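# Coordinates in review
If you want the building blocks of each chain, they are given just below.
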Amino acid sequence: MSTATPNTLLKTLLQNPSSIKTRSQAKQLHAQILKSTSSSSLINTILSIYSNLGLLQEAHLTFSTLVDPPTLSWKSIIRCYTSHGLFHQSIASFIGMRAFGKYPDHHIFPSVLKSCTCLMDLKLGESVHACVIRLGLDSDLYTGNALMNMYCKLQQCREEGPKSPNLNEHQVYDKTPARRLFKESLNNLSSSSDSGNGFLQRESSSLSSKQTADTETCNNFDHRVDGFVHRNANIEFSDCPCIIVDGIPLRWDSKEVFCMESVRKVFERMPVRDIVSWNTLIAGNAQNGIHREALMIVREMGLAGLKPDSFTLSTVLPIFAEYVDVSKGKEIHGYAIRNGLISDVFIGSSLIDMYAKCTRVEDSRRVFDLLPQHDAISWNSIIAGCVQNGLFDEGLRLFRQMVISKMKPKHVTFSSIMPACAHLTTLHLGKQLHGYIIRSRFDDNVFIASSLVDLYAKCGNIRIARWIFDKIELPDMVSWTAMIMGYALHGWANEALSLFRQMEMENVRPNYVAFVAVLTACSHFGLIDESWKLFHSMSRDYGIAPGLEHYAAVADLLGRAGRLEEAYELISTMHIQPTACVWSTLLGACRVHKNLELAEKVAEKIFKLEPDNMGSQVLMSNIYSAAGRWKDAASLRIAMKGRGMRKKPACSWIEVKNKVHAFTADDKTHPYYDKIHEALQVMSEQMVREGYVPNTDDVLHDVEEEQKRYILCSHSERLAIAFGIISTPYGTTIRVTKNLRVCVDCHTATKFISKIVGREIVVRDVSRFHHFKDGKCSCGDYW
């Protein structure tokens, strides 16, 4: 910076202080001022420059030299503290300003209110609001926007209080002398009847049983988003907590509506509103689940002469995603294209998410590909969309592309991609992701830790899952449930029950999903009495009404135990309509226990509910075959074929040397088939010497006994196990995944194989894990 006389420097500085762009320039200017003059106005200006440049240390040191800081200096230091996340210091500075007898102006309150918001302290924010009103600054646009934002984010604190230990910071702050001093200083300014909590008192309101929206049609883009909120929509109110807007059943929760009352009051009292004001009100309603109100406010904004911007559209798109209304989402998409907003990454990410939740992944991918730039949010959206729609390989491929493109994954990315590894049971890839997470220092994130617990449990390594769970400092409900369900899948019922009791002892209230997990554990181990206690405890102790999953778990338990009539009675007397899926659990039990009469009765109910339920029709055909009623079995299969229905082929997978190998029954296409067949032959001879006798009951074909034994030896899981044995070093655990239930004979054969080869063999079938070791299975032959 060129040398200048103090007067010239002063003149230039006062005319254009924003010309200072760097830390070096600001410090040189500060040095020049200190050498040439001691003008307090210039010191205040340099403080403002430091604050604008985000130079916290310099701003703090400069401020500390001021004996009687003016309002401008207080504004600079408060804003600087807030922008650096030092919210307590920001509030303390505000207290100090009032102690000096300085009156804050409209430039100061937005920073103070932001600090209250980030401290999650609603009461403190209300006190600041009272101060705003008393000083007559509630008409300021930016202060009003800050107040609305605060109430949107903190009203839940009023209704429910902090639930997480992480939110207790404001409770500690509430006990500090600074907090008490602040409240006392504000109380002196808040004595008017229209301030503080008085301003926030709720007005009584009542809704008529039915109201009809304005039916006038408006086609002007300046007054509405093109097509997505129809002016002729009928809005119906009734006793049920739902509203129908354009065919969408939107929730109406009076508690949520009233918690937004303060936001609406601030909004209505603002003499001037900008797009931020409207967007804040829309977002507050949308995020609190008051979807009807959010859509109506978009209409009001159009009538006020403001067009929705990218924030508006990205706020309302999740509403249509939640209600799977792709047609309304497409109208938003069209509006964004016509108004030049489609390149906005926030709109792009919202569209990707909306299409994915409407099961239109192709459209999600098209939106993603057309974005001019891909940020972390758009990558996360497309990866999560693929995984949520079962496109696990595609999700993993996109994750690799994201890493190659030098875009650093966020914690949300890992939470999205790990379910893909869990479903594909790719333990090696899961371990690679785990290593990446540790290197990125995300391993202490509770959401990622919960996903890792689920990943390792579903990939067959329940001990590592428990090790990760034990490292979580404050497990949340997802963590507890993931670990309990992991134990359930592995048949470790006692461990699942013990963990469930520990969760209760630590005052963590089990939710709907936690009861599904623990009841599933009971089902896989035959704990009937314990299951009934838990089932009744749900509603009695926790007020949770049993759902379809709970009934299915108990019915499955009774069916496995052979108490078929009791299971039938349970399903028949459910307080909710049973689905085909619930009845199917009983049909499977009928096949295991060879109860043809009850199976026909259950199958009739299933086919009434879902005439094209292929799984149940195949199962019923197998039941006929097992009973020797070949004609009935053939007739059912012919009928299935006539409707174009095809049985899902049995398939097993094994991961060897970072590559997944798939096998189907009697699969001769694998390049190592000859070696696999040879290994099976050798093991079969050893198994017979050990006492193995083939069980051909599950071979549901009308063929000779010798042919049945050959069919058993060529089942997909045996091919996968044999390939794993010949392709991995001695002592390596063999991990196989099968898409159907393991048959009785393969279960017996695998026990013999584990003893002969001295290996642990882990087989995951459609319902659970089997750990075979030393001739025994972890399920205790109960599955």
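Residues numbered from 1 in each chain as written. Predicted model: local features only at pLDDT ≥ 70, side-chain atom pairs only at ≥ 80, totals over all residues. Heavy atoms only, no water.

## Quick look at the overall build of the chain
- Of the regular secondary structure elements, the chain holds 40 helices and eight strands.
- Residues classed as buried in the chain amount to 49% of the 783 residues present.
- If you take every contact in the chain between residues at least 6 apart in sequence, the share linking residues at least 24 apart comes to 65%.
- On the chain, roughly 37,500 Å² of surface is accessible, and the fraction owed to carbon and sulfur atoms is 52%. (Helix = DSSP H or I, 4+ residues; strand = E, 2+ residues; numbered from the N terminus. Buried < 20%, exposed > 50% of the residue type's maximum accessible area, 1.4 Å probe, protein only. Contact = heavy atoms within 4.5 Å. Areas by Shrake-Rupley, 256 points an atom, 1.4 Å probe, with all protein chains shown as cover.)

## Examining the pairing of strand β5 (residues 734-738)
- A large share of β5 lies buried, amounting to four of its five residues.
- Both strand β3 (residues 651-656) and β5 contribute to a ladder of three bridges, which runs antiparallel. For Ile-654, the partnering residue across the bridge sits in β5 and is Val-736.
- Pairing of β5 with strand β6 (residues 761-764) involves four bridges; the strand directions are parallel. Within the sheet, the bridge partner assigned to Val-736 lies in β6 and is Val-763.
- Remark: the β5/helix α40 (residues 744-757)/β6 crossover connection has right-handed handedness. (Pairing = 2+ DSSP bridges. Right-handed = clockwise from strand over helix to strand, strands pointing away.)

## Let's talk about the packing of aromatic side chains
- Counted under the stated rule, the structure contains 18 aromatic pairs.
- Chaining the aromatic ring pairs together yields one cluster made of Phe-399, Phe-414, Tyr-436 and Phe-442.
- When the ring centre of Tyr-103 is taken as reference, the NZ or CZ atom of Arg-98 above it lies at 5.1 Å.
- Positioned above the aromatic ring of Phe-267 is the side chain of Arg-273, whose terminal nitrogen or guanidinium carbon lies 4.2 Å from the ring centre. (Phe/Tyr/Trp six-rings, centres within 6.5 Å; stacked < 30°, edge-to-face > 60°. Lys NZ or Arg CZ within 6 Å of the ring centre and 35° of its normal.)

## Section: the environment of Thr-728
- Mapped onto the elements, Thr-728 comes out in the loop between α39 (716-727) and β5.
- Residue class for Thr-728 comes out buried when judged on its relative accessible area of 19%.
- Once the C-alpha coordinates of Thr-728 and Lys-657 are considered, the two residues, 71 residues apart in sequence, prove to be 8.5 Å apart.
- Ignoring anything within four residues of it in the chain, the contact list for Thr-728 reads Val-656, Ile-734 and Arg-759.

## Considering the packing of helix α27 (residues 477-489) against helix α28 (residues 493-505)
- The geometry of α27 relative to α28 is characterised by a closest axis approach of 8 Å and an angle of 160° between their N-to-C directions. Considered as vectors, α27 and α28 are oriented roughly antiparallel to each other. Crossing of α27 over α28 shows left-handed handedness. Facing Met-477, Trp-480, Met-483, Ile-484 and Tyr-487 of α27, the residues of α28 in contact are Glu-495, Ala-496, Leu-499, Phe-500, Gln-502 and Met-503.
- When its residues are assigned to classes, the contact of α27 with α28 shows nine nonpolar, one polar and one charged. (Axes fitted to C-alpha atoms, helices over the stretch in contact; angles between N-to-C directions. Parallel < 35°, antiparallel > 145°, perpendicular 65-115°, else oblique. Left-handed = near helix turned anticlockwise from the far one by under 90°. Nonpolar A, V, L, I, M, F, W, Y, C, P; charged D, E, K, R; others polar.)

## Regarding the nonpolar core
- In terms of nonpolar packing, the biggest core is built from 173 residues, with Leu-586, Leu-587 and Met-620 touching the most fellow members.
- Of all the elements, helix α9 (residues 141-160) adds the most residues to this core, at eight residues.
- Sequence-distant contacts of Leu-586, that is, excluding residues within four places in its chain, are made with Leu-564, Ala-567, Tyr-568, Ile-571 and Val-602.
- Counting 28 residues, the second largest nonpolar core, distinct from the first, contains Val-736, Cys-746, Val-763 and Trp-783. (Core = buried A, V, L, I, M, F, W, Y, C linked by side-chain atoms within 4.5 Å.)

## Things to note about the pattern of salt bridges
- In total, this model carries 27 salt bridges according to the counting rule given.
- Across the pair Arg-365 and Glu-394 runs a salt bridge, and its minimum N-O distance is 2.7 Å. Residue Arg-365 is located in helix α20 (residues 361-370), and its partner Glu-394 is located in helix α22 (residues 392-404); the two are separated by 29 residues in the primary sequence.
- Where Glu-690 meets Lys-755, a salt bridge forms, and the shortest distance between an N and an O atom there is 3.9 Å. A residue pair is termed long-range when its members are at least 10 positions apart, and Glu-690 in the loop between α37 (673-689) and α38 (705-713) and Lys-755 in helix α40 qualify at 65 residues.
- Its relative accessible area of 44% is what places Glu-690 among the partly exposed residues.
- The exposure class of Lys-755 is exposed, given its relative accessible area of 53%.
- Beyond isolated ion pairs, a larger network of salt bridges with shared partners links Arg-264, Glu-268, Arg-292, Glu-293 and Glu-300. (Salt bridge = Lys/Arg side-chain N within 4 Å of Asp/Glu carboxyl O.)

## Quick notes on the pairing of strand β7 (residues 769-773)
- Burial of β7 is extensive: four of the five residues sit out of reach of the surface.
- Bridge analysis of β6 against β7 gives four bridges, and the strand direction is antiparallel. Opposite Ile-761, over in β7, you have Phe-772 as the bridge partner.
- Following β6, the chain reverses through four residues before pairing antiparallel with β7.
- The pairing of β7 with strand β8 (residues 776-777) spans two bridges and is antiparallel. For Phe-772, the partnering residue across the bridge sits in β8 and is Cys-777.
- From the end of β7 to the start of β8, which pair antiparallel, there are two residues, and Asp-774 there has a positive phi angle of about 55°.

## Re the environment of Asp-274
- As for its placement among the helices and strands, Asp-274 is situated in the loop between α14 (261-269) and α15 (275-287).
- Taking the C-alpha atoms as reference points, Asp-274 and Leu-306, 32 residues apart in sequence, are found 8.4 Å from one another.
- With residues near it in sequence (within four places) discarded, Asp-274 still touches Leu-141, Asn-145 and Leu-306.
- A polar side-chain atom of Asp-274 sits 3.3 Å from a polar atom in the side chain of Asn-145. (Polar contact = N/O pair within 3.5 Å; in protein donor to acceptor, adjacent residues only side chain to side chain.)

## A word on the sheet that holds β7
- The six strands lie next to each other as β4-β3-β5-β6-β7-β8, forming an open sheet whose pairing is mixed. The open sheet has two edge strands, β4 (659-664) and β8, and neither has a second partner.

## Focus on helix α18 (residues 326-338)
- Taking 1.5 Å per residue, 13 residues should reach 18 Å; α18 reaches 18 Å between its end C-alpha atoms and fits that length.
- Residues of α18 that are buried: Val-326, Lys-328, Gly-329, Ile-332, His-333, Gly-334, Tyr-335 and Ala-336.
- The positive-phi residue at the C-terminal boundary of α18 is Gly-340, with phi of around 70°. (Expected span 1.5 Å × (residues − 1).)

Remember, this is a structural readout, not a statement about activity or role.
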